[in-house]
Amino acid sequence: MASTARRGKTKIKPPRKHGQAFSAEKTWAELANNIREIQNHDASNLSFEENYRFAYNMVLHKEGRMLYEGVKKLVAENLDMMAREKVIPAFPTGSINDPMHESQEGDIFLKALRGVWDDHVSNMIKLGQILKYMDRVHTKTDKVPEIWDAGLHLFLKHIIRPPIQQHIVSAVLNQIQFERDGYSINRFPVKGCVDVLLSLDIDDAGVTVYKRDLEPAFLRESEAFYKAEGVKLLESCDAPEFLRRVESRFESEDSRTHHYLSSQTAPPLRQILQDNLLTPHLSTVISFPNSGLDNMIDTEKTDDLARLYRLFVMVPIGLPCLKKSLKDSIARRGTEINRTSLGNDGGDLDIGEDAGSLKRKGKGKARPAGGGGAEKLTLALKWVQDVLDLRDKFVAVWQMAFNSDREVESALNEAFESFVNSNDKAPEFISLFIDDNLKKGLKGKTDSEVEAVLDKTITVFRFLTDKDVFERYYKGHLAKRLLQGRSVSDDAERGMLAKLKVECGYQFTQKLEGMFHDMKLSGDTMQAYRAHLAKTTPPSIDLSVTVVTQTFWPMSHSPSPCVLSAEMEKACKSFEQFYLSRHSGRRLTWQPSLGNADVRVAFKAKTIELNVSTFALIILLQFQDLEDDGFLTFTELQEATRIDDNDLQRHLQSLACAKYKVLKKHPPGREVERDDSFSFNADFTSTLLKIKIGTISSKVESGEERKETRDRIDEERRHQTEACIVRIMKDRKHMKHNDLINEVTRQLSGRFQPDPLNIKKRIEGLIEREYLERCPDRKSYNYSA
Amino acid sequence: MTEDVDMQPEAKDTDWIKITSTDGFEYMIKRKIANTSGTIRSMLDTEMNYAEAVSRVCPLVQRGIIVEKALEYMAFRAHYESLGPKEDIPVNEFLERLPPEIVLEVLLAADYLEL
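An unreviewed UniProt entry lists chain B under the name Elongin-C, with Hypsizygus marmoreus as the source organism. Taken from UniProt, the Sequence similarities (unreviewed entry) comment for chain B reads in full: "Belongs to the SKP1 family." UniProt, in the comment section headed Subcellular location (unreviewed entry), describes chain B in these words: "Nucleus".

As annotated in an unreviewed UniProt entry, chain A is Cullin-3 from Hypsizygus marmoreus. As its UniProt record puts it under Sequence similarities (unreviewed entry), chain A is described as follows: "Belongs to the cullin family."

Laid out in structure tokens, this is it:
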């Protein structure tokens, strides 16, 4: 109300006393009567104004305390009455052993309690309104709680007391237990009751009756229940079923706390579930024979796996456990793949596959693999394909079931890395796989399919630690593809190169790019050469030359010797002249072992054009001047051609023993021996006009060749390590031993995993050659070059 | 100023409420205005359903002149309640209309009515 202090000009009259003489007792008697009326739900006959005025007058006449205490007494009486008449008769008997009946009794009891509460609340609100003036004036000055709070307090004292209290708790717990056992209950009374307990504070700190009485009992009960439940489920279910049940338990408890308990109970309850139902059984479940993680992955049960993941990430030990199991699973599968790829050197493969791969080999040209080259190749391809399939499988699981979890991904990668690298032929296999795809490429696969396969291969490549070994193999395979024009698409090749560049950086692909560059230059040179020939007299045979830079290409530097025919010699000379006239100061070395030739051969039936290697051509030429059915022995051929023993043997085999037998071997057989002799097979015929005769792979023991490759790689690594050390020391000038080792390891790890012992040896080597010097403290080095 | 009082259960802001004084004056006000007084609001609370809420008649034990001033203030307040903080509320104008003789009595009534 606005202020009354108004300049004080006019006289302010005191308010008139209204009402007659006031009697506190009389007023209270009337008011108490009316309050009972209200408690009997008979308010509509009463005038609010009247009662409000009673209370107002009593407070005004300083009888607030009488009013307050009187009301409290009336409320307490009413509560006692209700407890007597409504709550106590509804006590569950608890004597019958029928859960259904028990639940109904609990239901009735909780409903009764709730009814009493509702009644009390409605009464207190009505009283609160009538006694509002008392609350505003009296309670504050008298420092007593407002009538509403006093009402709650009374309720607590008169209703929530033994034995009603115990009955409430046990009734609620019984209902919950009943629901957990799979029956449905009427949640409403339970919720009603819990709400009552939640709204009753037992002290000023805000601790509710729920928190004091119900929650601890509930949590105790839950813990016991789920401890038993976990053991029971483990005995009776397989892994997916266990997980399903556990998850549904989590969900139902969640909905329970959400719907009719307090949300403050949710975290401790969840903790109990995790601690009792989940955590102790994790490792048992995940490794369940026949239904654990492995089995789920095998049978692609994405839903189960997703559930497994969801449950496992809930608890702290879950993810490590999952990661470990995944790693074990991958390691086991990986070892299996490795074993199949190493275990059998032929023999196990059935004939069909053998023949197929033989054919492929015919087109595919020499592998660095030896003995059963064909089987080796198949195995290599199978290995990579298996690894890719395995990875696809796990990546699919990871994406669909494991929510693309980063930690799981790193565990997957680690596992793959370790098993891929445990196969020391992995770099070779991967390179072979890429080689195979780039060569066959379009046959049966579209560009984009090849692209996809190569993309995946790169992911496997990423796992390799010995990237330099891979580079060596890849270079070899690339060289053969380029020189023999077997690459299906230049785009695919360059695409692959770009991928490698992204993975390993510029240095890694420098030489490979050099190879491509050489191919392009050679093309240009050949055009110029042809133009040049058009102006002069061309040699009798058509010559195509690829000029390659020695350092880029992985060819042996000493050319295999052989005697070229006069025509060939002339053609070579002609090109040599032309080339050196354009680039003075360069040295050309001929590598006939890498070349091939088209030659028309007049057989009896018809003339067929053969595409053979240069060596094979030279061998064939030896038969040109021979009369029909003339023989040449192995030794004679060798003397005439001067081709290396092994090479000669190989090429003779491909001419005389492979699919197209242009030469006859005496005696016939699959292998070429040193005392065999050969004759021209004039009766040879074929439906084709042009035949390509591949060369059978070199028969060098694969072990030896591998050793050689290994040695070469080791040497290269030595150089790289030294170069790296010098680079670092040149920059830092002075460095501690350990720092240096770490830095070298770090810089080289992109290419291979250096052994600290080797680094140490290289450091010593450099000290000997006075690039470095040991400091007096014997723990660090100075750069001294 | 009379109106039929029917037993409508629904309580609307626009309902007419009758306020009576001890000396026989009757005032009709909208429920919205009546609700500015806590006491009258409780009287009219349909949930509690006291006799006043049923009949929509609120007898006040005050003289008509006091009731009138109290109601005037309630209307004044209901009118300016929704005003923004920047707009001027003509408090003085209202104060000038309040005769000093009854100021204290009005004050007591206001206390009673929870204004």
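Draft legend 1. Representation of the overall build of chain B within the structure. The number of helices and strands found in chain B is 6 helices and 3 strands. When the elements of chain B are put in sequence order from the N terminus, they spell out β-β-α-α-α-β-α-α-α. A burial count over chain B gives 43% of its 115 residues as buried. For chain B, restricting intrachain contacts to residue pairs at least 6 apart in sequence, the fraction spanning at least 24 positions comes to 61%. Total accessible area on chain B is roughly 6,000 Å²; 52% of this is exposed by carbon and sulfur atoms.

Draft legend 2. Structural detail: the overall build of chain A. Helix and strand counts for chain A stand at 30 helices and 9 strands. When burial is assessed residue by residue, chain A has 47% of its 785 residues classed as buried. When contacts within chain A are restricted to residue pairs at least 6 apart in sequence, those whose partners lie at least 24 apart make up 71%. Element-wise, carbon and sulfur atoms account for 51% of the exposed surface of chain A, whose accessible area totals about 39,600 Å².

Draft legend 3. Molecular detail of the packing of aromatic side chains. Under the defined criterion, the tally for this structure stands at 20 aromatic pairs over all chains. A cation over a ring is seen here: A:Arg391 above A:Phe416, with NZ or CZ 5.8 Å from the ring centre.

Draft legend 4. Quick peek at the sheet that holds strand E1 (residues 596-602) of chain A. All names here are of chain A. The strand order E1-E2-E6 describes an open sheet built from 3 strands, whose pairing is mixed. The sheet is open, and its two borders are formed by E1 and strand E6 (690-692), each paired with just one other strand. Adjacent strand axes in the sheet meet at a mean angle of 25° when their direction is disregarded. Alignment of E1 against strand E2 (residues 607-613), held across 7 bridges, turns out to be antiparallel. Across the sheet, residue Ala602 finds its bridge partner in E2, namely Thr607. Lying over the sheet, helix H25 (residues 614-622) contacts E1 and E2, oriented at roughly 130° with respect to E2.

Draft legend 5. Quick look at the sheet that holds strand E1 (residues 16-20) of chain B. Residue and element names in this part refer to chain B. Within the open sheet, the 3 strands sit side by side as E2-E1-E3. Their pairing is mixed. Across the chains shown, the open sheet's two edge strands, defined by having one partner strand only, are strand E2 (26-30) and strand E3 (57-59). Neighbour-to-neighbour, the strand axes of the sheet open up by a mean angle of 25°, direction not taken into account. In this sheet, E3 lies alongside E1 in parallel orientation, the contact comprising 3 bridges. Note on E3: the bridge partner recorded for Ile19 is Cys58. Along the sheet, helix H4 (residues 64-81) contacts E1 and E2; its crossing angle with E2, the most-contacted strand, is approximately 10°.

Draft legend 6. Just unusual backbone geometry, in detail. Residue and element names in this part refer to chain A. For Asn403, which is not a glycine, the phi torsion comes out positive at approximately 60°. Summarising the element assignment, Asn403 is placed in the loop between helix H17 (373-400) and helix H18 (406-422). Of note in this structure, Ser404 is not a glycine but carries a positive phi near 50°. By the element assignment, Ser404 lies in the loop between H17 and H18. Overall, Ser404 belongs to the partly exposed group, its relative accessible area being 30%.

Draft legend 7. Inspection of the interface of chain A and chain B at higher detail. Across the contact, 31 residues belong to chain A and 31 residues belong to chain B. Between chain A and chain B lies a buried interface of about 3,100 Å² when both sides are counted; carbon and sulfur atoms form 62% of it. Notably, a salt bridge pairs A:Arg136 with B:Glu114, separated by 3.8 Å at the nearest N-O pair. For the interface between chain A and chain B, the tally reads 9 residue pairs in polar contact (both at pLDDT 80 or more). Of all the secondary-structure elements, those providing two or more residues to the side of chain A that touches chain B are helix H2 (48-60), helix H4 (99-130) and helix H5 (132-142) of chain A. Among the elements that make up the side of chain A that touches chain B, the one with the highest residue count is H2(A) (6 residues). Here the side of chain A that touches chain B is built from residues that sort into 14 nonpolar, 7 polar and 10 charged.

Draft legend 8. Molecular detail of the pattern of salt bridges. Following the criterion strictly, the structure yields 46 salt bridges over all chains and no others. Where A:Lys132 meets B:Glu114, a salt bridge forms, and the shortest distance between an N and an O atom there is 3.5 Å. Pair noted here: A:Lys132 is in helix H5 and B:Glu114 is in the segment after helix H6 (103-113), and the two residues belong to different chains. One salt bridge connects A:Glu722 with A:Arg769, and the closest N-O pair in it is separated by 2.5 Å. Within this pair, whereas A:Glu722 is found in helix H28 (residues 702-732), its partner A:Arg769 is found in the loop between helix H30 (756-768) and strand E8 (772-774), the two being separated by 47 residues in sequence. We classify A:Arg769 as partly exposed; its relative accessible area is 45%. A network of salt bridges, in which partner residues are shared, links A:Glu241, A:Arg244, A:Arg245, A:Glu247, A:Asp304, A:Arg307 and A:Arg310.

Draft legend 9. Expanded view of the nonpolar core. Core analysis: the biggest nonpolar cluster contains 171 residues, and A:Leu67, A:Leu322, A:Phe402 and B:Ile19 have the highest contact counts within it. For this core, the element with the most residues is H17(A), which contributes 11 residues. Setting aside its immediate chain neighbours within four residues, B:Ile19 contacts B:Phe25, B:Glu26, B:Tyr27, B:Ile29, B:Ile40, B:Cys58, B:Leu60, B:Val67 and B:Leu71.

Draft legend 10. How the structure looks around the side chain of A:Asp213. All names here are of chain A. Inspection of the secondary structure assignment puts Asp213 in helix H9 (residues 209-236). In terms of polar contacts, Asp213 uses its side chain to reach the side chain of Arg212, at 2.8 Å. Ignoring sequence-local partners within four residues, the contact set of Asp213 consists of Gln165 and Val169.

Draft legend 11. Quick look at a negative patch on the surface. On the surface, A:Glu146, A:Asp149, A:Asp201 and A:Asp203 cluster together to form a negatively charged patch. Overall, A:Glu146 belongs to the partly exposed group, its relative accessible area being 38%.

Draft legend 12. Broad picture of the confidence of the model for chain B. All names here are of chain B. Confidence in the prediction of chain B, expressed as mean pLDDT, is 79, and 87% of residues score 70 or more. Averaged pLDDT values over the elements of chain B bottom out at 77 in helix H5 (residues 91-96) and peak at 89 in E2. Note that residues 1-8 has pLDDT below 50 and, in this model, 10 contacts with residues that lie over four places away or in other chains. For this predicted complex, the interface confidence comes out at an ipTM of 0.81, alongside a pTM of 0.65.

Draft legend 13. Region of the structure containing the pairing of E2(B). Residue and element names in this part refer to chain B. Of the strand pairs in this sheet, E1 and E2 are connected by 5 bridges, and their pairing is antiparallel. The residue of E2 that forms the bridge with Ile19 is Tyr27. Where E1 folds back on E2, the antiparallel hairpin that results is connected by 5 residues, among which Gly24 adopts a positive phi of roughly 90°.

Draft legend 14. Local environment of the confidence of the model for chain A. All names here are of chain A. Looking at chain A, the pLDDT average stands at 78 and 88% of residues meet or exceed 70. This stretch, residues 1-8, has a pLDDT under 50; its non-local contacts, to residues over four places away or in other chains, come to 14 contacts. For the stretch residues 344-371, pLDDT sits under 50, and the model shows 42 contacts to residues farther than four places along the chain or on other chains.

Draft legend 15. Local environment of the packing of H2(A) against H6(B). Where H2(A) meets H6(B), the axes come as close as 11 Å, and the angle between the chain directions of the two elements is 110°. With respect to each other, H2(A) and H6(B) are oriented roughly perpendicular. For the pair H2(A) and H6(B), the crossing hand works out as right-handed. Only B:Leu108, B:Asp111 and B:Tyr112 of H6(B) make contact with H2(A), whose side of the interface consists of A:Glu49, A:Tyr52, A:Arg53 and A:Tyr56. Taken together, the residues that form the contact of H2(A) with H6(B) break down as 4 nonpolar, no polar and 3 charged.

Here is what the cut-offs are and how they apply
Residues numbered from 1 in each chain as written. Chains lettered and ligands numbered in written order. Predicted model: local features only at pLDDT ≥ 70, side-chain atom pairs only at ≥ 80, totals over all residues. Heavy atoms only, no water. UniProt positions renumbered as here; feature names shortened; annotations may be inferred. Helix = DSSP H or I, 4+ residues; strand = E, 2+ residues; numbered from the N terminus. Buried < 20%, exposed > 50% of the residue type's maximum accessible area, 1.4 Å probe, protein only. Contact = heavy atoms within 4.5 Å. Areas by Shrake-Rupley, 256 points an atom, 1.4 Å probe, with all protein chains shown as cover. Phe/Tyr/Trp six-rings, centres within 6.5 Å; stacked < 30°, edge-to-face > 60°. Lys NZ or Arg CZ within 6 Å of the ring centre and 35° of its normal. Pairing = 2+ DSSP bridges. Axes fitted to C-alpha atoms, helices over the stretch in contact; angles between N-to-C directions. Buried area = accessible area lost by both parts, 1.4 Å probe. Salt bridge = Lys/Arg side-chain N within 4 Å of Asp/Glu carboxyl O. Polar contact = N/O pair within 3.5 Å; in protein donor to acceptor, adjacent residues only side chain to side chain. Nonpolar A, V, L, I, M, F, W, Y, C, P; charged D, E, K, R; others polar. Core = buried A, V, L, I, M, F, W, Y, C linked by side-chain atoms within 4.5 Å. Patch = residues over 30% accessible without salt bridge, like charges linked within 9 Å, V, L, I, M, F, W, Y side chains within 5 Å. Lys, Arg positive; Asp, Glu negative; His and termini not counted. Charge placed at Lys NZ, Arg CZ, Asp CG, Glu CD. pLDDT = per-residue confidence, 0-100. Parallel < 35°, antiparallel > 145°, perpendicular 65-115°, else oblique. Left-handed = near helix turned anticlockwise from the far one by under 90°.

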